[in-house]
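Structural description and commentary
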Amino acid sequence: MPTELNNTTTTDSQQVNGKSTPIRDYVGTLVGESTSQEFRLAVNHESIREQDIIAVDAEFRSTDGGQKEKIRVWAKVKRIERINPLFPTEAGHELAATQTSPFDTVLSLSREMVTAVCQVLGTEPIEGDSKGKLNQLRYPAQPASSAYRPIDSDIKRVVLGDLQTKQNRAVDLATLANRPNVDVAVDGHKLVTRHLAILAMTGAGKSVTSRRIIEELAKKNYPIVIFDPHGDYTGLVDVAELRGKVKRYYAQFPVFDEDSDTVARIISTLGYELSPTMLGLFSDVFEAAKSFYGTDADAESRKEKAEWLSQRLGNENIRKYGIKQDMWLIANLAMAGKLSVKEANDGNPTKAQKLQDWGWGQILNYDKTVARTLCGIAKRTFSAAKVLQRMQETNRKVAKQAEPLPQDRTELVKYGQISVVSLAGYSGDFQATIYSLIADEIFEKKVQNDLKLPVLFVLEEAHNFVPSSANTPAESRSITTTKQIAQEGRKFGIGLVLISQRPSRLDETTLAMCNSYIIMRMMNPADQNFIRKVIESLGADDAKLLPDLDVGEAILSGQFINFPVLVKIKQPQSKGEREEKDAFEALEAARKE
Amino acid sequence: MNMTQEKFASEEGVKQDLQRQPSIMLKLAENALQVAESLRGNYFSNTAKFIAALRGAMAREENPIFKKRKVENADWSFFQGETVAFVDGGIGQIEISSQVPVLLRVGSYIVKTGERNLAEREKFGYYPVIIGDLEGGSKERPDFTDIIRITAELLGGLSVLENNERLNVLMFHGPLVYTVHFYMGHTPFTEGDIDKLLSQYGAKGTRGREIKEAFLKQAFEEIYPKMTRNYVEWNEKRIFEPLSFMAYLLRLIITEAKKKNALVIGIVERATKYSEFSKNYLLERVFQGLRKKNNIDFFNNMFGRKDLRDPETLLNKLGYTDSIFMSLLLEPEEYSEVWTMTKQYEFFSKRSVSLPNSSLVSEVDYSPLQSGPFGFPKILGSYLKVGDNIEPIRVETFAELGDKQMEESVKRVYRYSKLLPQYGFPVGLDIADKFAHVPDWLTRAYSNLIKHHLGVSLQSGEINDAEMRRVLIQTIYMTHRDWLFRPKS
């Protein structure tokens, strides 16, 4: 219930533990035109700041024409205007030209008029308990009314809204930017089911914010899968409260899960263009490699094949490490095929026959020209395999103590588990492909009801996974996957958190399907304009704040908060990879080594 | 003469100067259209020739025709620690068929230069404030609002002087003394009117009563007997003749200023038709010189006329004013020689005056107010040019406060005006003007209130007199303009 007010005094107080505590602070008086959306206050100098939450009491007859009802009108200070009508601009220029302090002249400096333009947030009855729910104001507040700053507990009650009675859903995220004593919790249910976007320029605090959210959701045991392109979430494993809950995975690119065309394209994308003739033959090589590898049950015969291949190519490593479902196998097999075809054409088809037995159906029909083509495929595939291996090694290094991604991707979704899929080291297309494979499989399992638990996907650098337009098949696939989750995820218990520092590069439809937003500092005008266009709940005055927000400050808006509010995000307990060391300290440490 | 001075005193130099001063060009253009046809032909070039000649005569070492001085030692550093007051009056006139100025307030802005503490630095005040009807004054005259405003501003200035222990400068917006002979014949104010003006005077209000009683005493003993035979009736009615009361307040201001060693300054900007200095000094010297050289027809030859043989005719026929001459003779940061202004006191004469709420009409002789112990004070004037393309402003001081007043005043006026470089006017007066201005919403609100009360009176049948009812209806529903076109009964 809101604290009762008394309009006859400007600073009422109550006795608490023998001390007098102000019930409210007078901040200003309504002046000028007042509407049900906005009003202006003549305010005391420095009594108020932008984004402060204030209140005005009013008394209106109830809509059924009955008794008068006392209500409190809640409002937010959108902007503050300061003007000294007695200080002419030309005098300012003259002072600058002569380097004179205005205090040394006869100019007037004391008659500043400070006006706060306030946006009405809603109303609640003063008597009774609205549980923080705000009603629409349908009649303007009276000019000359006094506005005041309510006490912290009242503000908190209104900011939280009905979340007060649903504490299990509350996610403790931030404090009010102007009132560090007022905690701001958001509705976790809306967050995980109706998608969230965290948008900000580099260094504004996006990853810190998402880590905070993740840590809080983890306390509620919500399954989370994080697609981590830069190692921002490696520190989660070190948080004491999350011990045992965080599992890190490194991503091996599942070459054999793709079709031959895709793999051929990947080789080309990596810089080793396959000619049309090579492309025509590549599918044979690819299928042959798949057959060569066999199934999981063929472990014994695989050993034999590895031995053969090792001898064929004179490569000890094949015998030593065995053969895997990777690009090296395709390259090695292409080379082995080239040699065998050549021998076959020279009258010795033994090796080629072997390969045919192992699944390379057409090999005995190849002539020497094909052998040359196979050589070209082998060389290019070797080079691509090297690059891919480098990516995978980097990925594993960044992922630190990580496991390989499980074959069954639904293993990532477990009660109380945070699965961090490290994508560091891979190029954008690879990241998009890996993500699509995982997300598609999980979504499929959810649709089929084979996976019961809900899950929250966290997409860092989301503009790489769901860009506004697809330039590659990998991007196209990734967009399709994400859009589908954005549209239908709610039905099947899959939520999205899109995190991006380039929102104007995000797919507009997907972004618009997010119902909650955390918007942090943003300087790029294209991004600002884009956000204004897409996010209905972001007002023009709030949008103007974006370039001037501090690191860690954010505007929360959307369904997970009662009304748009400026907050300071609380620090998470974990640290990200890039935060761990000061660069210069690291330099000195490395020098000593 | 050096090269620059040569150019300055040439026709070409004058024309170039004119081009830099569009407001003067416009005035000359206007004049050119309004003067007699015979004068139009070469109006501009003849004016340029004339000014060039004046400039040349100005520069001669022996008997220069016009003296001017440069403002010196006028940096802000010279004026630190001074308490400066600016006074201006504002009137709000409601839109009803009468002409009563029901809203008047005089604003004052007092500032201490160099004071860093804002709370100590500045003070704003309204005094006096009148909301309501006055019994006295001749309401049917268009200058009724003027006498109210002038009286109120003098009271405001006096109040500022008396109620501030330390005051270095008091500046009024407008002349220190208006051409008051135009206000002869106004119905005197009643004591009730003056009470309205004096009610909030001073901290306790007693000083207001003192001023009132002191004036009435002097009026009965010394002033009124010299002005009218009905001085006894005037005394019984305790009425305040407007001009004598103004003169009284001016004398009080001078007395107080002497005590505080304060500069008291009047500032007149855009004095469009004023030509006293030109007539009595500048052109008088010109014609004197012409007569000595036996060249009395110099202007007649120049303009092809026969009547241009004295300053007044020249000024009237050619439309020249002080503003035009000073704009072209003074350079920025210069001020003219100081002269004693006539203020046309010589025009004080006799009038018939009606008394308020009475059928008595008195014959009044205003000439005792020309000078003397209860007459209007002598005023010194000078023109100051603040900037290149701005018309000079006229600075006025009280002769009784000494010659040094003008020199010190001009320095400050110059420096205060530099803060409004486009306008060339002391910024403090601009501040007081904005502060005193009666906002439209207040005027409208009060107008509506009056109409409401009149309407209530009509509807409740309180007014029985048919003629009064007719007047009231017109008052409520007609504007002043409508009133002029009312059907004649």
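Reading the values: rules and limits
- In this convention, every chain numbers its residues from 1, walking through the sequence in written order.
- The lettering of chains begins at A and the numbering of ligands begins at 1, in the order of writing.
- pLDDT decides what is reported in this predicted model: residues at 70 or higher carry local features, side-chain atom pairs at 80 or more are listed and counted, and totals for whole chains, interfaces and linings draw on all residues regardless.
- The basis for every side-chain value is the complete set of non-hydrogen atoms in the structure, without hydrogens or water.
- Runs of H or I in DSSP of at least four residues are treated as helices and runs of E of at least two as strands, each being numbered from the N terminus.
- Partly exposed describes any residue whose relative accessible area lies between the buried limit of under 20% and the exposed limit of over 50%, with all areas from a 1.4 Å probe on protein chains only and scaled to the type maximum.
- Working rule for contacts: check all heavy atoms of both residues, and any pair within 4.5 Å makes them a contact.
- Surface accessibility in these figures is a Shrake-Rupley result with a 1.4 Å probe; residues are shielded only by whichever protein chains are displayed.
- When DSSP finds at least two bridges between two strands, those strands are taken to pair.
- Note on definitions: angles span 0 to 180 degrees between N-to-C directions of axes, and those axes are lines fitted to C-alpha atoms, for helices only across the stretch in contact.
- Two parts lose some accessible area (1.4 Å probe) when they are put together, and adding that loss for both gives the buried area.
- A carboxyl oxygen of Asp or Glu within 4 Å of a side-chain nitrogen of Lys or Arg is what we treat as a salt bridge.
- For this analysis, a polar contact is any N or O atom pair within 3.5 Å, provided that within protein one partner can donate a hydrogen and the other can accept it, and provided that sequence-adjacent residues contribute only side-chain to side-chain pairs.
- Stacked, edge-to-face and tilted labels apply to pairs of Phe, Tyr and Trp rings (six-membered ring for Trp) whose centres lie within 6.5 Å, assigned for plane angles under 30 degrees, over 60, and everything in between, in that order.
- Charge over a ring is defined by NZ of Lys or CZ of Arg lying within 6 Å of the ring centre and within 35 degrees of the ring normal.
- By definition in this entry, angles of less than 35 degrees are roughly parallel, angles greater than 145 are roughly antiparallel, angles of 65 to 115 are roughly perpendicular, and the rest are oblique.
- Note on residue classes: Ala, Val, Leu, Ile, Met, Phe, Trp, Tyr, Cys and Pro are nonpolar, Asp, Glu, Lys and Arg are charged, and everything else, Gly too, is polar.
- Throughout the structure description, domain borders are defined by an automatic or database domain assignment.
- Only buried residues count toward a nonpolar core, which is a set of Ala, Val, Leu, Ile, Met, Phe, Trp, Tyr and Cys residues joined through side-chain atoms within 4.5 Å.

**Some points on the overall build of chain B**
Across its full length, chain B holds 20 helices and 12 strands. Across the 489 residues in chain B, those meeting the buried criterion constitute 55%. The contacts of chain B with a sequence gap of at least 6 include a subset with a gap of at least 24, amounting to 74%. Of the roughly 22,200 Å² of accessible surface on chain B, 49% is carried by carbon and sulfur atoms.

**A look at the sheet that holds strand β7 (residues 113-125) of chain A**
Residues and elements named next belong to chain A. Sheet architecture is closed into a barrel: 6 strands sit in the order β3-β4-β7-β6-β5-β8, paired in antiparallel fashion. Put simply, the sheet's adjacent strands are angled 40° from each other on average, direction ignored. As paired strands, strand β4 (residues 38-43) and β7 are joined by 5 bridges and run antiparallel to one another. Paired with phenylalanine 39 across the two strands is cysteine 118, which belongs to β7.

**Side note on the interface of chain B and chain A**
Taken together, the contact between chain B and chain A spans 27 residues of the former and 19 residues of the latter. Here chain B packs against chain A, burying approximately 1,900 Å² in sum over the two surfaces, 62% of which is carbon and sulfur. Contact with chain A buries area across many residues of chain B, yet Arg116(B), Arg121(B) and Leu419(B) alone supply 27% of it, more than any other trio. Where chain B meets chain A, there are 1 salt bridge. Asp104(A) serves as the salt-bridge partner of Arg116(B), at 2.6 Å between the closest nitrogen and oxygen. Linking chain B with chain A are 16 residue pairs in polar contact (both at pLDDT 80 or more), by the criterion used here. Counting only elements with at least two residues in the side of chain B that touches chain A, the list comes to β2 (83-92), β3 (103-112), α6 (118-121), β4 (122-131) and α17 (427-436) of chain B. Per element, the largest residue contribution to the side of chain B that touches chain A is 5 residues, and it comes from α17(B).

**Here's the deal with the packing of aromatic side chains**
All names here are of chain B. Taken as a whole and assessed by the stated rule, the structure comprises 41 aromatic pairs over all chains. Ring centres of phenylalanine 277 and tyrosine 281 lie 5.5 Å apart, and the angle between their planes is 15°; this geometry places the pair in the stacked category. Here the residue phenylalanine 277 and the residue tyrosine 281 both occupy positions in helix α12 (residues 276-292), the gap between them amounting to 4 residues, near one helical turn. On the basis of relative accessibility, which here comes to 0%, the residue phenylalanine 277 falls in the buried class. For tyrosine 281, a relative accessible area of 25% puts it in the partly exposed group. Taken together through their ring pairs, the aromatic side chains of Tyr43, Phe44, Phe50, Phe287, Phe298, Phe299, Tyr320 and Phe325 make up a single cluster. Directly above the aromatic system of phenylalanine 8 lies the positively charged group of arginine 55, at a separation of 3.9 Å from the ring centroid. Arginine 394 extends its terminal NZ or CZ atom over the ring of tyrosine 274, reaching a point 4.0 Å from the ring centre.

**Here's the deal with the sheet that holds strand β10 (residues 179-187) of chain A**
All names here are of chain A. Here we have 12 strands laid out as an open sheet, ordered β10-β9-β20-β19-β18-β11-β17-β16-β12-β15-β13-β14, and mixed in their pairing. Strands at the two margins of the open sheet, each flanked by one partner only, are β10 and β14 (403-404). Lying on the sheet, helix α2 (residues 152-160) is in contact with β9 (170-176) and β10; it crosses β10 at an angle near 20°. Relative to strand β17 (residues 494-500), helix α14 (residues 473-492) is tilted by about 140°, and along the sheet it contacts β16 (455-459) and β17.

**Focus: the pairing of strand β5 (residues 53-61) of chain A**
Residues and elements named next belong to chain A. Across the 9 residues that make up β5, a large majority, 7, are buried. Across 9 bridges, β5 lies against strand β6 (residues 68-83) in antiparallel orientation. Counterpart to valine 56 in the pairing with β6 is valine 73. The hairpin formed by β5 and β6 contains 6 residues between the paired strands, and glycine 65 there has a positive phi angle of roughly 80°. Note that β5 and strand β8 (residues 146-149) share 2 bridges and pair antiparallel. Across the sheet, the residue bridging to valine 56 is alanine 147, located in β8.

**With respect to the packing of helix α6 (residues 276-293) of chain A against helix α11 (residues 368-399) of chain A**
Residue and element names in this part refer to chain A. In contact at an axis separation of 10 Å, α6 and α11 are set at 80° when each is read in the N-to-C sense. If you check the angle between α6 and α11, you find them roughly perpendicular. Residue-level contacts link Thr277, Met278, Leu281, Phe282 and Val285 of α6 to Val370, Thr373, Leu374, Gly376, Ile377, Arg380 and Thr381 of α11. In terms of residue class, the contact of α6 with α11 is made up of 7 nonpolar, 4 polar and 1 charged.

**A closer look at the domain arrangement of chain B**
Residue and element names in this part refer to chain B. Domain assignment breaks chain B into domain 1 (3-65 + 275-320), domain 2 (76-270 + 340-437) and domain 3 (441-485). Every contact between the two is made by 10 residues of domain 1 and, on the other side, 10 residues of domain 2. Here domain 1 and domain 2 share an interface that buries about 710 Å² over both sides, 36% of which is from carbon and sulfur atoms. It is Arg20, Gln21 and Glu276 in domain 1 that bury the most area against domain 2; as a group they hold 56% of the surface buried on that side. Applying the counting criterion to the domain 1 and domain 2 interface returns 5 residue pairs in polar contact (both at pLDDT 80 or more). For the side of domain 1 that touches domain 2, the secondary structure elements donating two or more residues are α3 (22-34) and α12. Within the side of domain 1 that touches domain 2, the residues separate by chemical class into 4 nonpolar, 3 polar and 3 charged.

**Some remarks on the nonpolar core**
Leu243(B), Phe299(B), Phe325(B) and Phe376(B) are the most contacted members of the largest nonpolar core, which totals 108 residues. Here this core gets 11 residues from one element, more than from any other, and that element is helix α11 (residues 242-260) of chain B. Looking at which domains feed residues into this core, each of domain 1 (3-65 + 275-320) and domain 2 (76-270 + 340-437) of chain B gives three or more. In this view, Phe299(B) contacts Phe50(B), Val286(B), Phe287(B), Leu290(B), Gly304(B), Leu308(B) and Leu314(B); residues no more than four positions away in its chain are not counted. If you look at the next biggest cluster of nonpolar residues, it comprises 96 residues, including Met335(A), Ala385(A), Val387(A) and Tyr426(A).

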